[in-house]
Amino acid sequence: MSEGIVHPPTTASYEADPESVGRVLLLYSGGLDTSVMLHWIQKNYGAEVVALTINLGQPDEDYSVVTGKAIDLGAIDARVVDARQEFVDDYITPAIKANALYGGGYPLFTALGRPLIAKIAVDVARETGCDTIAHGCTGKGNDQVRIEATIATLAPELKVIAPVRSWAMGREEEIEYAREHSIPVKGGTETAPYSIDDNLWGRSSEGRWIEDLEQPPLDDVFQLVTPPERAPDQATVVNIGFEKGVPTSLDGEALGLIDLINRVADMAAANGVGILDHIEDRIVGLKVRDIYEIPAAAVILTAHRELERLVGTIHQNRFKESMDEQWAYLVYAGLWWEPLRTDLDAFMEESNSMVTGTIGIKLYKGSATVITRSSPHAVYDSQLATFSESGGLFRQTASPGFIELFSLQSRMAWQVRNEAAGSEENDS
Ligand code: ARG
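Sequence order as written defines the numbering, with residues in each chain counted from 1. Local features are withheld for residues below a pLDDT of 70 in this predicted model, meaning they are given only at 70 or higher, and side-chain atom pairs are given and counted only at 80 or more; totals for whole chains, interfaces and linings count all residues. Only heavy atoms go into the side-chain values, all of them from the structure, while hydrogens and water stay out.

Quick reminder of the rule: UniProt positions are given in the numbering used here, feature names are shortened, and annotations may be inferred rather than shown by experiment.
Looking at an unreviewed UniProt entry, the protein chain carries the name argininosuccinate synthase, with the source organism given as freshwater metagenome. Database annotation for the protein chain, UniProt heading Subunit (unreviewed entry): "Homotetramer."

Right, here's the structure in full:
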């Protein structure tokens with residue numbers, strides 16, 4: 001460690017003691033924070049840095065530029081891991097089976113990505129002989145929770161540093177630091193950028209005017225989804241086929257999940273589908289407004305839920321909703337490795353075993369509406385649904401007996417209350 005630097009005292013056991021930091025695995029995006037960090041860690045800890053960038057399907061990312069920049073900034077190694085397949089198989093797939101939405105609309109793409117990113121960081125840190133993992137999360141968000149909880153769970157021997165949380169630099173100081181040390185800043189330094197996180201399953205923007213709750217969305221925030229008023233006047237219909245809860249085909253064509261998600265995203269985005277202006281209760285206490293672009297999730301989750309409800313009984317459907325809610329909360333809260341999540345996943349597997357069929361969705365100027373459904377396992381019989389006096393499982397003449405017994409307790413309670421009210425009136 002170089003002298004003259006005052007490091008704040010540590011609170012948690014997994015936080016690195018500056019004296020013992022020798023080689024750091026840095027989760028590197030190539031952006032301003034982590035680029036300044038790459039330099040700052042070498043300077044302030046006298047440590048070597050291995051840069052790690054993870055591909056979770058962020059659109060338009062040039063990874064060779066990112067690794068080149070890391071090496072230019074002094075990294076002893078710069079690696080890229082393509083984790084898209086693992087992300088869809090082990091993170092997005094269970095999320096689809098759990099209809100995963102937090103706070104009524106956020107499909108958790110960031111929350112799903114973080115435990116995987118941190119898990120890969122642990123693997124690469126061990127492989128490259130790092131003793132410490134560094135990340136660029138601030139002290140105000142959920143992402144620090146998700147990443148550090150993962151590292152502390154999977155690798156108790158590794159330590160963590162989170163420079164953005166402890167260094168006393170704001171954006172202006174970071175730009176100044178970058179200038180002083182010839183660190184290239186992309187997108188210029190004039191306007192503050194949005195804070196962006198994106199992957200295959202969605203994109204979030206925070207900061208700038210988004211923090212002003214009275215400000216309606218400005219168009220320059222939207223990078224994926226066409227604003228609905230500019231979407232085509234013609235509707236697009238998309239048919240999504242599922243097998244045991246997993247999307248496997250698009251308009252009859254079998255597709256791997258990565259391609260399927262990207263194709264659905266493109267169709268939905270072109271039709272203005274998947275914009276969400278959302279206020280969220282963070283796990284660290286704050287409320288935050290995010291502008292989300294979630295074209296694929298908006299369509300796929302809608303289709304999955306519809307199919308699931310068609311093949312489930314009333315009892316399964318009512319119960320499943322509360323399990324979905326538990327699942328989403330755990331994942332949002334960064335407790336991916338909590339055994340309850342695994343228990344819930346076993347339930348999700350079982351309850352998705354009949355979720356096979358096809359849902360047709362109409363995309364039109366910002367809306368995604370279910371228009372057709374079909375499944376070999378639908379708990380549905382069109383014979384029973386018509387007005388005809390059909391035989392089989394349903395006899396209309398049985399209904400009065402059902403109503404009499406079904407309403408029995410409610411009718412009794414109604415009477416008891418009326419009698420009590422009557423006697424109170426007589427008393428006074
Ligand atoms: N609010 C969302 C969440 O907590 C998205 C966070 C996006 N992260 C970011 N660094 N911009 O999951």
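So much for the structure itself; the text now carries on.
1. Things to note about the overall build of the protein chain
Put simply, the rule is: The way it works is that DSSP assigns letters per residue, a run of H or I at least four long becomes a helix, a run of E at least two long becomes a strand, and they are numbered from the N terminus. Between buried and exposed lies partly exposed: a residue is buried under 20% and exposed over 50% of the maximum accessible area for its type, with that area taken using a 1.4 Å probe on protein chains only. Every residue pair with non-hydrogen atoms within 4.5 Å of one another is taken to be in contact. The Shrake-Rupley method, run with a 1.4 Å probe, gives the accessible areas here. Residue values count only the displayed protein chains as cover. This count recognises Lys and Arg as positive and Asp and Glu as negative, with His and chain-terminal groups excluded. All charge positions are set by atom: Lys at NZ, Arg at CZ, Asp at CG, Glu at CD.
Assigned secondary structure in the protein chain consists of 14 helices and 14 strands. Along the longest, intermediate and shortest principal axes, the C-alpha atoms of the protein chain span 90 × 65 × 45 Å. Counting only residues that meet the buried cut, the protein chain has 46% of its 428 residues in that class. Excluding contacts between residues fewer than 6 apart, the proportion of contacts in the protein chain whose partners are at least 24 apart in sequence is 72%. Total accessible area on the protein chain stands at roughly 21500 Å², and carbon and sulfur atoms take up 52% of it. Averaging the locations of the 35 positively and 64 negatively charged side chains of the protein chain gives two centres separated by 2 Å.

2. Thoughts on the site of the ligand
Rules: We call a residue near a given molecule or strand whenever any one of its heavy atoms falls within 4 Å of it. In protein, a polar contact requires one atom able to donate a hydrogen and another able to accept it; more generally it is a pair of N or O atoms within 3.5 Å, and residues adjacent in sequence count only if both atoms are side-chain atoms. Three categories are distinguished: nonpolar for Ala, Val, Leu, Ile, Met, Phe, Trp, Tyr, Cys and Pro, charged for Asp, Glu, Lys and Arg, and polar for the others, with Gly belonging to the last.
Near the ligand you find 14 residues, and of these Tyr106, Asn142, Arg146, Glu280 and Asp290 are the closest. Contact between the ligand and Tyr106: an oxygen atom at 2.6 Å from a side-chain N or O atom of the residue. One nitrogen or oxygen atom from the side chain of Asp143 is found 3.0 Å from a nitrogen atom belonging to the ligand. Burial of the ligand by the surrounding chains reaches 90%, relative to a free accessible area of 350 Å². Those elements giving two or more residues to the shell around the ligand turn out to be helix H4 (109-127), helix H5 (143-154), strand E6 (195-199), strand E7 (202-206) and strand E12 (287-293). Here the shell around the ligand is composed, by residue class, of 3 nonpolar, 4 polar and 7 charged.

3. Digging into the nonpolar core
The cut-off we apply is this: Here, nonpolar core refers to any group of buried Ala, Val, Leu, Ile, Met, Phe, Trp, Tyr and Cys residues whose side-chain atoms link them within 4.5 Å.
Within the largest apolar cluster, 77 residues are counted, with the highest numbers of intra-cluster contacts made by Leu108, Leu112, Trp201 and Trp327. Sorting elements by how many residues they give to this core places H4 first, with 11 residues. Once you skip the residues sitting within four places of it in the chain, Leu112 turns out to touch Phe87, Tyr91, Ala95, Pro107, Trp201, Trp327, Val331 and Trp336. One finds Trp40, Tyr45, Ala70 and Ala178 within the second-largest nonpolar core, a separate group that totals 29 residues.

4. Some remarks on the pattern of salt bridges
Our working definition: Take a side-chain nitrogen of Lys or Arg and a carboxyl oxygen of Asp or Glu: if they are within 4 Å of each other, that pair is a salt bridge.
Following the criterion strictly, the structure yields 25 salt bridges and no others. In this structure, Glu206 engages Arg282 in a salt bridge whose closest nitrogen and oxygen atoms are separated by 3.2 Å. Residue Glu206 is located in strand E7, and its partner Arg282 is located in the loop between strand E11 (275-281) and E12; the two are separated by 76 residues in the primary sequence. A residue is classified by how much of its surface remains accessible, and Glu206, at 21% relative accessible area, is partly exposed. Taking relative accessible area as the criterion, Arg282 reaches 14% and is therefore assigned buried. One salt-bridge network, in which partners are shared between bridges, spans Arg114, Asp143, Arg146 and Asp197.

5. Quick notes on the sheet that holds strand E3 (residues 77-82)
Rules: By definition, two strands form a pair when at least two bridges between them are found by DSSP. To get an axis, fit a line to the C-alpha atoms, keeping to the stretch in contact for a helix; angles then go from 0 to 180 degrees between the N-to-C directions.
As summarised here, the arrangement of the 5 strands in space is E3-E2-E1-E4-E5, forming an open sheet in which the pairing is parallel. Two strands bound the open sheet, and with one partner strand each, they are E3 and strand E5 (159-161). Each neighbouring strand pair of the sheet contributes to a mean axis angle of 25°, computed without reference to strand direction. As defined by bridge partners, strand E2 (residues 48-55) adjoins E3 across 6 bridges and the pair is classed as parallel. Following the sheet pairing, Val50 is matched in E3 by Asp77. Along the sheet, helix H1 (residues 32-45) contacts strand E1 (23-27), E2, strand E4 (132-134) and E5; its crossing angle with E1, the most-contacted strand, is approximately 170°.

6. Some points on H4
Rules: Any helix carries an expected span of 1.5 Å times its number of residues minus one.
Between its first and last C-alpha, H4 extends 27 Å over 19 residues, near the 27 Å set by a 1.5 Å rise per residue. Among the 19 residues that make up H4, 15 are buried, leaving the element largely enclosed by the rest of the structure. Remark: Gly129 follows H4 within two positions and exhibits a positive phi of approximately 70°.

7. Focus on the environment of Leu38
Tracing the chain through its elements places Leu38 in helix H1. Note on Leu38: relative accessible area 0%, which makes it buried. For the pair Leu38 and Val24, spaced 14 residues apart in sequence, the C-alpha separation works out to 9.5 Å. In contact with Leu38, other than residues within four places in its own chain, are Leu26, Tyr28, Val49, Ala70, Leu73, Gly74 and Ala75.

8. Structural notes on unusual backbone geometry
The phi angle of most residues is negative, glycine excepted, and most peptide bonds adopt the trans form. Unusually for a residue other than glycine, Leu108 sits at a positive phi of about 70°. Structurally, Leu108 is set in the loop between helix H3 (84-97) and H4. Positive phi values are uncommon outside glycine, yet Ser182 reaches one of about 50°. Mapped onto the secondary structure, Ser182 falls in the loop between helix H7 (171-180) and E6.

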